[in-house]
Amino acid sequence: MKAVYLMQPGTVEIRDIPTPKPAFGEVLIRIKAALTCGTDLKAFLRGHPMIPMPGLFGHEFSGVVEEAGKGVIRFRPGDEVMSVHTAPCRKCRSCAIGEYNLCENIMQTKILGAFAEYIVIPKHIVQQNLFHKAPQLAFEEAAFLEPLACVVHGMKGLHMKKGDSVLIIGTGPIGLLHLLLAKLKGTRVMITGLERDRLETARRLGADDVTLPSLLVENIETATSGLGFDYVFECTGQVEVWENAVNYVRPGGTVILFGGCKQGTVVTYDTYRIHYNEITLKGIFHFTPADVKESYKLLGDGLINVKPLISGNYPLEKIREPFERLSRGEGVKYAITP
Ligand SMILES: [Zn+2]
Ligand SMILES: [Zn+2]
């Protein structure tokens, strides 16, 4: 089969490798659509600690079951499926207390290689996070299961309700998925980002206000009478944005720090602001099987429309092109169809 290898930052290679065989409990998927993701872009541009090189690449996908290993009952060849690339071990200390997103083994047992013709889903993922695709959902849309699960996870437990005010910083795929979900909850959303095209997309997706970062402070004054937002979602992974985010939230409000910065990055906050204004700062990582189920339902029931986030379609052979476009700030996400 053909598979994309990320050799080193900026260098990809399409290799012909043996198509894997599914072992006991595993399922072999013929990939129909894979999506580019912010993490993939980071790896492509400068490497990523979670993506070893040289190595297989891509982790958001959907497809058709080609072969089911022995012991698999729920899936058979020809089934249209969608999946995520991780599942918790259910044995470690974090799993024991139900914090499955923080599973100590979740990153070591993940799968990469969605930019390929086939991928094997290991048993622990088959059991927890592989689903039958709803027939009306396109494969490209079904591949949103993973990124949407991350966003579902970040909003869980926030008690967001109709009429709440929300600021989303960042108009990448994650920022825009936050927008879709925040609008579904009936909130009023302002979104800010550098790319005018993406702000336009945000507007089409239902943002109440869009603003360039240079006008943000001024626009916050107007939109919230100077009080600040109920919720601020940081979706850029930029250290200055992490620091500034606390200035945009109202007293008693919550800042969600979603975008990952480099390890060792340090931020500073005014303790007075955090303490006397009782600001909640919340870090977000990954998702639990319950979040994946919720994401599956949102997509399958057509509650959110992710289609406008797909900016184009490329065959495996052209894998460089979408990443080059993304690095120039063009488009949101691209679908790769082998
Ligand atoms: Zn992703
Ligand atoms: Zn675990």
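Preceding this section is the structure that the text describes.
This is a predicted model, so every value here is computed, not measured.

Participant: I'm lost on the coordination of the zinc ion (ligand 1) in this one. Help?
Facilitator: Octahedral metal centres with six donors ideally show angles of 90 or 180 degrees, and tetrahedral centres with four donors ideally show 109.5 degrees. Protein coordination at the zinc ion (ligand 1) comes from Cys 37 (SG), His 59 (NE2) and Glu 60 (OE), with a distance range of 2.1 to 2.5 Å. Counting residues between consecutive donors of the zinc ion (ligand 1) along the chain gives the motif C-x21-H-E. There is no split in this pair, since His 59 and Glu 60 are both buried.

Participant: How should the state of the cysteines be read in this particular structure?
Facilitator: Simply put, the disulfide is a covalent bond whose two ends are the sulfur atoms of two cysteines. Taken as a whole and assessed by the stated rule, the structure comprises 0 disulfides. Free cysteine: Cys 150, not disulfide-bonded; nearest cysteine sulfur from Cys 37 at 7.7 Å. The thiol of Cys 235 is not disulfide-bonded; the next cysteine sulfur, from Cys 150, is found 11 Å away. Judged by its relative accessible area of 12%, Cys 235 is buried.

Participant: How should the packing of helix H5 (residues 145–155) against helix H6 (residues 173–184) be read in this particular structure?
Facilitator: Think of two packed helices as two axes; the pair is described by the angle between the axes and how far apart they sit. Direction vectors running N to C along H5 and H6 enclose 60 degrees, while the axes themselves pass 10 Å from each other. By the criterion of interaxial angle, the relationship of H5 to H6 is oblique. Seen along the crossing, H5 lies across H6 with a hand that is right-handed. Contact with H5, carried on its side by Pro 147, Leu 148, Val 151, Val 152 and Met 155, involves Ile 174, Leu 177, His 178, Leu 181 and Ala 182 of H6 and no other residues of that element. Tallied by class, residues from the contact of H5 with H6 come to 9 nonpolar, 1 polar and no charged.

Here is what the cut-offs are and how they apply
Residues numbered from 1 in each chain as written. Chains lettered and ligands numbered in written order. Predicted model: local features only at pLDDT ≥ 70, side-chain atom pairs only at ≥ 80, totals over all residues. Heavy atoms only, no water. Donors = N, O, S within 2.8 Å, 3.2 Å for Na, K, Ca; no water. Buried < 20%, exposed > 50% of the residue type's maximum accessible area, 1.4 Å probe, protein only. Disulfide = S-S within 2.5 Å. Axes fitted to C-alpha atoms, helices over the stretch in contact; angles between N-to-C directions. Helix = DSSP H or I, 4+ residues; strand = E, 2+ residues; numbered from the N terminus. Parallel < 35°, antiparallel > 145°, perpendicular 65-115°, else oblique. Left-handed = near helix turned anticlockwise from the far one by under 90°. Contact = heavy atoms within 4.5 Å. Nonpolar A, V, L, I, M, F, W, Y, C, P; charged D, E, K, R; others polar.

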